[in-house]
Structure formats: C-alpha cells, structure tokens
Amino acid sequence: MKDNYYVGDLVEVRLNTSEPTFTGRIVAMSGTIDPNNHTWYKIKPTKSDSMPGIFWYKDDKIVKIAKEESIG
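Residues numbered from 1 in each chain as written. Predicted model: local features only at pLDDT ≥ 70, side-chain atom pairs only at ≥ 80, totals over all residues. Heavy atoms only, no water.

## Points about unusual backbone geometry
Here is step 1: Backbone geometry places Asn37, a non-glycine residue, at a positive phi of 70°.
Here is step 2: Mapped onto the elements of the fold, Asn37 is located in the loop between strand S2 (22-29) and strand S3 (40-45).
Here is step 3: Take Asn37: its relative accessible area is 49%, and that puts it in the partly exposed class. (Helix = DSSP H or I, 4+ residues; strand = E, 2+ residues; numbered from the N terminus. Buried < 20%, exposed > 50% of the residue type's maximum accessible area, 1.4 Å probe, protein only.)

## Description of the nonpolar core
Here is step 1: Listed in full, the 10 residues of the largest apolar core are Tyr5, Val11, Val13, Phe22, Ile26, Tyr41, Ile43, Met51, Tyr57 and Ile62.
Here is step 2: Sorting the residues of this core by element identifies strand S1 (10-13), S2 and S3 as the ones contributing at least two each.
Here is step 3: Ignoring anything within four residues of it in the chain, the contact list for Phe22 reads Val11, Glu12, Val13, Leu15, Ile43, Pro45, Ser50, Met51 and Tyr57. (Core = buried A, V, L, I, M, F, W, Y, C linked by side-chain atoms within 4.5 Å. Contact = heavy atoms within 4.5 Å.)

## As for the environment of Met29
Here is step 1: Here Met29 lies in strand S2.
Here is step 2: It is 7.1 Å that separates the C-alpha atoms of Met29 and Val7, two residues lying 22 residues apart in sequence.
Here is step 3: For Met29, the residues in contact, after removing those within four places along its chain, are Tyr5, Thr39, Trp40, Tyr41 and Trp56.

## Section: the pairing of S3
Here is step 1: Of the two faces of S3, the one lined by Tyr41, Ile43 and Pro45 is fully buried and the one lined by Trp40, Lys42 and Lys44 carries no buried residue.
Here is step 2: Here 4 bridges tie S3 to strand S4 (residues 55-58), and the two strands are oriented antiparallel to one another. Looking at S4, one finds that Trp40 is bridged to Lys58. (Pairing = 2+ DSSP bridges.)

## Focus: the sheet that holds S1
Here is step 1: The sheet built from 5 strands is open, its strands ordered S4-S3-S2-S1-S5 with antiparallel pairing. Unpaired on one side and paired on the other, S4 and strand S5 (62-66) mark the two borders of the sheet. If you compare each strand with its neighbour and ignore which way they point, the axes differ by 50° on average. (Axes fitted to C-alpha atoms, helices over the stretch in contact; angles between N-to-C directions.)

## What to know about the side chain of Thr39
Here is step 1: As for its position among the elements, Thr39 is in the loop between S2 and S3.
Here is step 2: In this structure, Thr39 is in contact with Met29, Ser30, Ile33, Tyr57, Lys58 and Asp59, ignoring residues within four places of it in sequence.

Printed below as a string of structure tokens:
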C-alpha cells in the first residue's frame, strides 16, 4: 500500500541517478494517476543548492518525513 502524500508534507526525494537525496515540500500533486498507477508530486527543495528548481517526481521516488500540520 502506498503512503498518502499531501500538499505541504515534508518529503525526502530519492532519485535513481548520481544526484544525492534531498528534502523538500510538496507544493502540488497531479490530479490523476498515470497509466502506470503513479501519482506525481511537485517538490520545492528546502535548500536551493540541493536541487536547482521545482520539479515533478513520482510517488515511488519520495518518502514522507513529516505531515504539513506537524511542522512548526
């Protein structure tokens, strides 16, 4: 079963590339599930030097660190 992610959640993005793992906030999510049963999330990095922009990632590339309401 997949985690439920929401706008505002703090997540860790784990790519299958030479790029290091980084943390960020979900700022948007796709309105539909793609044909391969993935939901896409737009992630804003917490540090601009960890990822140079706000990009979309599949649900299998992110792991929730904290819910939006639990962040001070």
